[in-house]
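Chain by chain, the residues run as shown.
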Amino acid sequence: MAGLRSNLGFNLVNQLLLIAFPLFLNIYLVRVLHLEDLGKWYLVNSAAALVQLLITAPHFWLVRKLSGGEGDPQRTVAAGMTTYLGLLLAVAPLYGAYVLWIAPEASFVAVLVFAQLLMSTLACEYYFHAYQQQRFLMIRRLVTRSVLAVLLLIFVRDPTDFHLFVVLTTAMFILEHLINLGAVLQRLGLARPDRSTLRAVAGSVRQMLPFNATHNTLPHIVLLAAPWVFDLETVAILTILVRLVNMATTLVTSSINVIFPFLNTKAGAVDIKKRLGRMTGLVAVAIGLIGFLLHEPVAWIFLDRALTLEQVQGFGFLCAYIPIHAVYNYLAFSNFVAQSKTYVVTLCNLFIQGCFGAAAMVFPASFALYAATMTICAGLGLMCLWVLHFQLREDR
């Protein structure tokens, strides 16, 4: 229990660092770079985030296997890296085609971000989550992000420094992945994956890929579709607001990375799940409400401009998305993924995305309606997942 509390604490600090850095970075960048250039950066990173979700399909299977002490950790990690790399190479053409189609002027950014994705296949985050090494991740992130912040403040001073910003940022993220790889090699050494482990990981991909391709992807889909509806400046504004909301939900629900291996290895965790579930809902509601009430200072701090009335309305809907998605995420992982029932969550995810796609084709190009559609569809998905949760519990 003490180990769980300690790792929850380190995870909280780690997530605060993960959130604080982009927030600080955004506050500075909107004042020194063109909003259109930031729109390119955010658009490419939205595409990269979707790719990241696809290539990390075996993540929770690897966490479960390592934390449960199954098999040889060396070969399991080697198989994980090999599988991640194979999945990245498989989806790379889709990533490149999207960027060339929507924003060919962002090709330079896309190439560097892809290099970052390539190195992320060697980062082995599942190893650190499985062995509850949140302290290591926290220290690594604190050091690298602090160095990057100092470099950006020194060298990125006006709009002509946009490409330098991209180079420095992607280089530091690559360094983070290499630090992870070095720590894993130091602890485990290097091994070739055997065929049986590769087949097992491939089996987890077949099971988890539909889940990863649909879960937590709605914000990214919303942003990737935005260039068809809005100009790049409006896309940048929407992206910044959605990123704020997404970071809030990540902060609230990130505890699942800590309790997942705990639930996999220890009994008597039902009470912990209930308490964390209640806390997740209450904290998410509080954050969403505070965010909406403070929309004026939020806009000035993170956008360096006032929001239009329509954008204020849209931000209100996005703030309502925070508790909806936080509860959905917690319910999905603690009650379905942990019980190997990912297909249930996948069906609900597809329902959400289908609703958004159908509604987006009908509604006019309105910022408020676009944000409202995202939130309402997420709410409908939560209702479906909740009903299925009670139905499955009655069946047991």
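The rules we used
Within each chain, residues carry numbers counting from 1 in the order of the written sequence. For a predicted model such as this one, the threshold for reporting local features is a pLDDT of at least 70, and the threshold for listing and counting side-chain atom pairs is 80 or more; totals across whole chains, interfaces and linings nevertheless cover every residue. Heavy atoms throughout the structure, all of them, feed into the side-chain values; hydrogens and water do not. Note on geometry: axes are lines fitted to C-alpha atoms, helical ones only across the stretch in contact, with angles between N-to-C directions running from 0 to 180 degrees. Counting from the N terminus, the helices are the DSSP runs of H or I reaching at least four residues and the strands are the DSSP runs of E reaching at least two. Put simply, angles under 35 degrees are roughly parallel, angles over 145 are roughly antiparallel, angles from 65 to 115 are roughly perpendicular, and the rest are oblique. Handedness of a helix crossing follows the sense of rotation of the near helix relative to the far helix, less than a right angle counterclockwise being left-handed and clockwise being right-handed. Whether two residues are in contact is decided by their heavy atoms, any of which lying within 4.5 Å being enough. The pLDDT score gives, residue by residue, the confidence of the prediction method on a 0 to 100 scale. Burial status follows relative accessibility: with a 1.4 Å probe on protein chains alone, a residue under 20% of its type maximum counts as buried, one over 50% as exposed, and anything between as partly exposed. Working note: the arc is built from the helix axis to C-beta atom directions.

1. Here's the deal with the packing of helix α4 (residues 73–102) against helix α9 (residues 195–214)
Here's step 1: Two elements in contact, α4 and α9, have axes separated by 9 Å at closest approach and are oriented at 50°. Between α4 and α9, the angle is such that the two are oblique. Judged by the twist between their axes, the crossing of α4 over α9 is right-handed. On α9, the residues touching Arg75, Thr76, Ala79, Thr82, Thr83 and Leu87 of α4 are Thr197, Leu198, Val201 and Val205.

2. Looking at the confidence of the model for the protein
Here's step 1: Of all residues in the protein, 86% attain a pLDDT of 70 or more, and the chain-wide mean is 83.
Here's step 2: Per-element averaging of pLDDT across the protein places helix α12 (residues 256–265) at the bottom with 50 and helix α5 (residues 107–120) at the top with 95.
Here's step 3: Here residues 262–268 scores under 50 on pLDDT; set against residues more than four positions off or in separate chains, the count is eleven contacts.

3. What about the environment of Ile324?
Here's step 1: Secondary-structure assignment places Ile324 in helix α15 (residues 309–335).
Here's step 2: C-alpha separation for the pair Ile324 and Thr375, spaced 51 residues apart in sequence, amounts to 7.9 Å.

4. Some details on helix α14 (residues 295–303)
For an α-helix the count is 3.6 residues per turn, leaving residues at separations of three or four pointing the same way.
Here's step 1: Buried residues of α14: His295, Val298, Ala299, Phe302 and Leu303, and no others. The buried side chains of α14 occupy one side of the element, clustering within an arc of 100° when seen end-on. Opposite the buried face of α14, by more than 90 degrees, sit the exposed residues Glu296 and Trp300.
Here's step 2: The positive-phi residue at the C-terminal boundary of α14 is Asp304, with phi of around 60°.

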